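Listed below, chain by chain, are the residues.
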Amino acid sequence: MGTGATTGEPADGKKSRAGRNLPAAIAVGLLLGAAVIVSLVTVKEIFIGIVALAVAVATYELSGALKRADGIQVAFWPVLIGGQAMVWLAWPFERNGVLSAFVVTVLASLLWRFRGGTEGYLRDISASFFTAAYVPMFASFAAMLVVPHDGVARVLCFLIAVVASDTGGYAAGVLFGKHPMAPTISPKKSWEGFSGSMVAGVVGGWLSLTLMLSAQWWQGALFGAAIVVVSTVGDLVESLIKRDLGIKDMGNLLPGHGGLMDRMDSLLPSAVVSWLLLRLFVPA
């Protein structure tokens, strides 16, 4: 996901100006989107399973990147198992289940790291807490979106706003991007791309909330704008993490995208904001 590019290498037949293998990226995006939509229109619990699988893969990628780049030892098994508990407990118990699983994950991580001795203990535990909060806890809000009777519409509104933001920003950045937004963090992100994201995100939020959840137009527009801002922040946070670690991608699982974690950067914080705003605007 992203807010578009301003500069990049000339097209070489495979990569776009934004540096992606565009055909592969589109194909992977369509396949992932189709899997989510099929789960939502058939058995909603399958969507929880998709979120749980994505969390497991992203946890593995982030933990591996931290270890390879800086020797940081995340308490992998407590975070992996605890992360699954957060996602699956979000269905029957919502916030209470997620919070309880997170607290147990923190305690288990503290104990698990004993085996590594004193050197780097605080560093590793801090990374473990960050991983548990950033990946499974944030993703659990996406799982909570689907719980109400109109949960399918809530998830679709969330996804439409994020995809609209990404698509609008990508197109505007490639076509018009000239002014870098955060050159020291992500040189290819531009203010023109952000503007494209904002226009597309606001329109996507407005249409999806009014048509699917019978919300007011201004609520949909505000929802879309908030998702654009949070998605952009999520992109920049991910870029900061990768620059700090000195890596380009978290993994190589998805052709044209990098790792799964590289595609979840804007989705994770957006899931939290989507749940909060939809709960406020359209009480279940």
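Nothing here was measured: the structure is a model prediction, and the numbers come from that model.

Caption draft 1: A look at a nonpolar patch on the surface. A contiguous nonpolar surface patch, about 1,000 Å² in accessible area, is contributed by Ile160, Val199, Val203, Trp206, Leu207, Leu211, Met212, Trp217, Trp218 and Leu222. Elements with a minimum of two residues in the nonpolar patch: helix H6 (191–212) and helix H7 (217–245). Here the element with the most residues in the nonpolar patch is H6; it accounts for 6 residues. Here Trp218 is to be found in helix H7. The exposure class of Trp218 is partly exposed, given its relative accessible area of 43%.

Caption draft 2: Summary view of the nonpolar core. Ranked by size, the top nonpolar core spans 64 residues in total, and within it Phe47 and Leu209 carry the most contacts. Among the elements that line this core, the one with the most residues is helix H4 (residues 121–145), at 12 residues. With sequence-adjacent residues up to four places away left out, Leu209 is seen in contact with Cys157, Ser214, Ala215, Gln219, Gly220, Phe223, Leu278 and Phe281.

Caption draft 3: Representation of the packing of aromatic side chains in the model. Evaluated as defined, the whole model comprises 8 aromatic pairs. Geometrically, the ring pair formed by Phe76 and Trp77 is edge-to-face, given 5.3 Å between the ring centres and 75 degrees between the ring planes. Pairing Phe114 with Tyr121 gives two aromatic rings, centres 6.3 Å apart and planes at 40 degrees, and the pair type is tilted. Judged by relative accessible area, Phe114 falls into the exposed class, the value being 56%. One aromatic cluster in this structure is built from Tyr60, Phe76 and Trp77.

Each value, and the rule that gives it
Residues numbered from 1 in each chain as written. Predicted model: local features only at pLDDT ≥ 70, side-chain atom pairs only at ≥ 80, totals over all residues. Heavy atoms only, no water. Patch = residues over 30% accessible without salt bridge, like charges linked within 9 Å, V, L, I, M, F, W, Y side chains within 5 Å. Areas by Shrake-Rupley, 256 points an atom, 1.4 Å probe, with all protein chains shown as cover. Salt bridge = Lys/Arg side-chain N within 4 Å of Asp/Glu carboxyl O. Helix = DSSP H or I, 4+ residues; strand = E, 2+ residues; numbered from the N terminus. Buried < 20%, exposed > 50% of the residue type's maximum accessible area, 1.4 Å probe, protein only. Core = buried A, V, L, I, M, F, W, Y, C linked by side-chain atoms within 4.5 Å. Contact = heavy atoms within 4.5 Å. Phe/Tyr/Trp six-rings, centres within 6.5 Å; stacked < 30°, edge-to-face > 60°.

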